[in-house]
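# Close look at the chain arrangement
Chain by chain, the residues run as shown.
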Amino acid sequence: MDETSDEPPTSAVLLDNCHFSQVVFNNVEKFYVPGGDITCYYTLTQNIVPRGKDWVGIFRVGWKTTREYYTFMWAPLPSDTRSDTAVQQHIQFKAYYLPKDDEYYQFCYVDQDGVVRGASVPFQFRAETEDDILVVTTQGEVEEIELQNKNLRKENEELKVSCASLEKQNINLQEELNKMQELQNSLESLRSNTEKLELELNSLKKENKQLKELDDCREAELHQLKEQVQNVTSDKERLETRLKTALDHMDQLQSQVLNYEEKVENLSFMDRDKTEQLESLKEENRQLRTIATQQVKPSLSITVLRGARAERPRHPCQCAGTNQQNHDLMNELEKQKRLFEILQAKKNEANEENQKRREDELLRHLSQAEEVSAFSGASQAQAPVPSPEVGGLLFGNPYCAAGATLGAGTADLVSIRKCPMCDEVFPEGSETSQYEAHVQSHRLECPICRETFENSNRQVFDDHIFCHSLE
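All residue numbers refer to positions counted from 1 along the written sequence of the respective chain. Local features in a predicted model are, by the rule used here, given only for residues with pLDDT of at least 70; side-chain atom pairs are given and counted only at 80 or more, and totals for whole chains, interfaces and linings are based on all residues. As a rule here, side-chain values come from all non-hydrogen atoms in the structure, and water together with hydrogens is ignored.

The name recorded for the chain in an unreviewed UniProt entry is Calcium-binding and coiled-coil domain-containing protein 2, from Smutsornis africanus. UniProt positions are given in the numbering used here, feature names are shortened, and annotations may be inferred rather than shown by experiment. Recorded in UniProt under Sequence similarities (unreviewed entry), the annotation for the chain is "Belongs to the CALCOCO family."

Next comes the structure, spelled out in structure tokens:
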């Protein structure tokens, strides 16, 4: 076997597909003596291109494939691989790797594709014996042998022509095979591209299915949002109706409050008159009491005493009449005070109810407006909720300072800076303190209860101060 550990390239190609005429082995002995190295001489014809993995092996006669070599040696590359002429080469096989039996063997040149390119005549590994004698033939036999050789040469020429034709066919077949191999590679590439495209198509189908499902979900959500917007719109209309009803009720309450204010004002004037009358009566009563409590001096004359005695029956009657009148005035004054207190309580109760109702309706309407803006978006934004801030109190209630403060807070929520008294508009960049100072300049504040009034209701403010003086 070869000294190297590399295995030569072989194949399962049958003998019918081999080309034995491309490499010609020269000077092959009939037998080689065992125990010695042997040299193999061969000629590379112009029909073969030697390559680095070509090798020369020793095969037992009767081999079928190149895998059945006994030993081999790597074929050396010629110095000039581009030469168009035949090149003589030789290889030396070491005795250690040679066969030890006397079977017939032959040299074979195998290229790196595992195809046999040339084969030698058979030979043996045995010692020279006495049986190898010189054979003498006659002239007739020589002529017969020459004729046979001539026929063999002619047959050899025909075989060479046939071999050249076969080589040409082989080249054509090799080219067709290369083309088939290229077509096979192209087909494999197309198959791989087709598989990739199928994978991408499946991925796109899955993605399309997911997008359809997502679109269905979005449509369901959109339908649900539309229903919610419709519900919110209906709730808004219902709340607007309730707000309108509440505002009408507030209008009625405002009218009642104005009537109560007129009554209170009339009662205040009456109370003022009664108070003046009461003061005058008190002064007259005090004078009468002073006169009644004076003692009669003893130095008065009898005439004076008589006159005094004559006047006594008349003086108690006058005092009794005056006391009765004072008592009636006091009772009337007490009634008027109780009536004033009742009217004041009703007025406060009406103001508290008015303020509470307005705050509830305002907060409910603001929360409803925020829900509408959240569901319908900027494109479906509804008109802003009417705020009690516009024009101050809607019906001019001068006693509800908390309602005015709440209206101002509502205006801040909707980013409206408009004076409720003079309708002066402040830009969004202006300071809050400036806006509040401007609004406060239109109001009057009670120094006792801190209740605020508009400047236009100066008389109401004075009556309010007067009511504190009566308490």
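## Some details on unusual backbone geometry
Of note, the phi angle at N27 is positive, near 55°, even though the residue is not glycine. By the secondary structure assignment, N27 is in the loop between β1 (23-26) and β2 (31-32). The rule is simple: take the accessible area with a 1.4 Å probe, protein chains only, and divide by the maximum for that residue type; under 20% is buried, over 50% is exposed, in between is partly exposed. Judged by relative accessible area, which is 60%, N27 ranks as exposed. Unlike most non-glycine residues, R450 shows phi in positive territory, near 65°. Secondary structure is summarised from DSSP: a helix means a run of H or I of at least four residues, a strand means a run of E of at least two, and numbering begins at the N terminus for each. In this structure, R450 sits in the loop between β10 (443-445) and β11 (452-454). For R450, a relative accessible area of 55% puts it in the exposed group.

## Quick look at the pairing of strand β7 (residues 104-110)
Of all 7 residues that make up β7, 6 are buried, and the element is covered over most of its length. Two strands are counted as paired when DSSP detects at least two bridges linking them. Both strand β4 (residues 55-60) and β7 contribute to a ladder of 6 bridges, which runs antiparallel. The partner of R60 across the bridge, within β7, is Y105. Looking at chain direction, β7 and strand β8 (residues 116-119) are connected through 3 bridges and run antiparallel. Paired with Y109 across the strands is G118, a residue of β8.

## Considering the nonpolar core
Note on soluble globular proteins: their nonpolar side chains tend to be buried together. F25, I38, Y42, V56, F93, F107 and Y109 are the most contacted members of the largest nonpolar core, which totals 20 residues. Definition used in this section: a nonpolar core is a set of buried Ala, Val, Leu, Ile, Met, Phe, Trp, Tyr and Cys residues joined via side-chain atoms within 4.5 Å. The next biggest cluster of nonpolar side chains, apart from the first, holds 8 residues, and it includes F59, Y69, F72 and V116.

## Digging into the packing of aromatic side chains
The geometry of an aromatic ring pair is captured by the separation of the ring centres together with the interplanar angle, meaning the angle of the planes. Only the six-membered ring of Trp is used, alongside the rings of Phe and Tyr, when aromatic pairs are assigned; centres must lie within 6.5 Å, and planes under 30 degrees apart are stacked while those over 60 apart are edge-to-face, with the rest tilted. Considering all chains together, one arrives at 18 aromatic pairs under this definition. The interplanar angle of 50° and the centroid separation of 5.9 Å between the aromatic rings of F25 and Y42 together place this pair among those described as tilted. Taken together, the residues span a long stretch of sequence, with F25 in strand β1 and Y42 in strand β3 (residues 38-44) at a distance of 17 residues. By relative accessible area, F25 is classed as buried at 10%. Taken together, the ring pairs connect F25, Y32, Y42, Y70, F93, Y105, F107, Y109, F123 and F125 into an aromatic cluster. The ring of W74 is capped by K53, whose NZ or CZ atom sits 5.1 Å from the centre of that ring. A cation over an aromatic ring shows up here: R126 above the ring of F31, its NZ or CZ 4.7 Å from the ring centre. Here, over-ring charges are defined by two tests on the NZ atom of lysine or the CZ atom of arginine: distance to the ring centre within 6 Å, and angle to the ring normal within 35 degrees.

## Re the sheet that holds strand β6 (residues 87-93)
With antiparallel pairing, the 3 strands of this open sheet are ordered in space as β1-β3-β6. Across the chains shown, the open sheet's two edge strands, defined by having one partner strand only, are β1 and β6. In this sheet, neighbouring strand axes are inclined to one another by 30° on average, regardless of whether the strands run parallel or antiparallel. Every angle, taken between N-to-C directions, lies between 0 and 180 degrees, and every axis is a line fitted to C-alpha atoms, over only the stretch in contact when it is a helix.

## Regarding a negative patch on the surface
Residues enter a patch when their relative accessible area is above 30% and they make no salt bridge; the linking distance is 9 Å between like charges and 5 Å between nonpolar side chains (Val, Leu, Ile, Met, Phe, Trp, Tyr). Residue burial considers only the protein chains on display, and all accessible areas are found by Shrake-Rupley using a 1.4 Å probe. Salt bridge criterion: a side-chain nitrogen from Lys or Arg within 4 Å of a carboxyl oxygen from Asp or Glu. A residue counts as positive if it is Lys or Arg and as negative if it is Asp or Glu; His and the chain ends are not included. Charge positions are represented by NZ for Lys, CZ for Arg, CG for Asp and CD for Glu. Where like charges cluster on the molecular surface, the negative patch consists of E213, D215, D216 and E219. Relative to the assigned elements, D216 resides in helix α1 (residues 139-293). When its relative accessible area of 47% is taken as the criterion, D216 is described as partly exposed.

## Comments concerning the packing of α1 against helix α6 (residues 458-470)
Two quantities define a packed helix pair, namely the angle between the axes and the distance from one axis to the other. Taken N-terminus to C-terminus, the directions of α1 and α6 make an angle of 50°; their axes are 11 Å apart at the nearest point. What the angle tells us is that α1 and α6 run oblique. For the element pair α1 and α6, the recorded crossing hand is left-handed. Judged by residue contacts, E265, S268, D271 and R272 of α1 engage Q459, D463, F466 and L470 from α6. To sort the angles, those under 35 degrees are grouped as roughly parallel, those over 145 as roughly antiparallel, those from 65 to 115 as roughly perpendicular, and the leftovers as oblique. Definitions for this section: a left-handed crossing has its near helix turned counterclockwise from the far helix by less than a right angle. A right-handed crossing has that turn clockwise. Should any heavy atoms of two residues lie within 4.5 Å, those residues are considered in contact.

## A few points about α6
One fewer than the residue count of a helix, multiplied by 1.5 Å, yields its expected span. For α6, built from 13 residues, the straight-helix expectation of 18 Å at 1.5 Å per residue is met to within 8% by its first-to-last C-alpha distance of 19 Å. Of the positions making up α6, those classed as buried are V460, F461, D463, H464, C467 and H468. Down the axis, α6 shows its buried residues gathered within 160° of arc, on one side only. The arc in question is the one spanned by the directions pointing from the helix axis to the C-beta atoms.

## Describing the pattern of salt bridges
The tally for this structure, following the rule as stated, stands at 10 salt bridges. The salt bridge partner of D113 is R51, with a shortest N-O separation of 2.8 Å. With D113 in the loop between β7 and β8 and R51 in the loop between β3 and β4, this residue pair connects regions lying 62 residues apart in the sequence. Its relative accessible area of 46% is what places D113 among the partly exposed residues. Notably, a salt bridge pairs R238 with D235, separated by 2.7 Å at the nearest N-O pair. Here the residue R238 and the residue D235 both occupy positions in helix α1, the gap between them amounting to 3 residues, near one helical turn. According to the relative accessible area criterion, D235 is partly exposed, its value standing at 26%.

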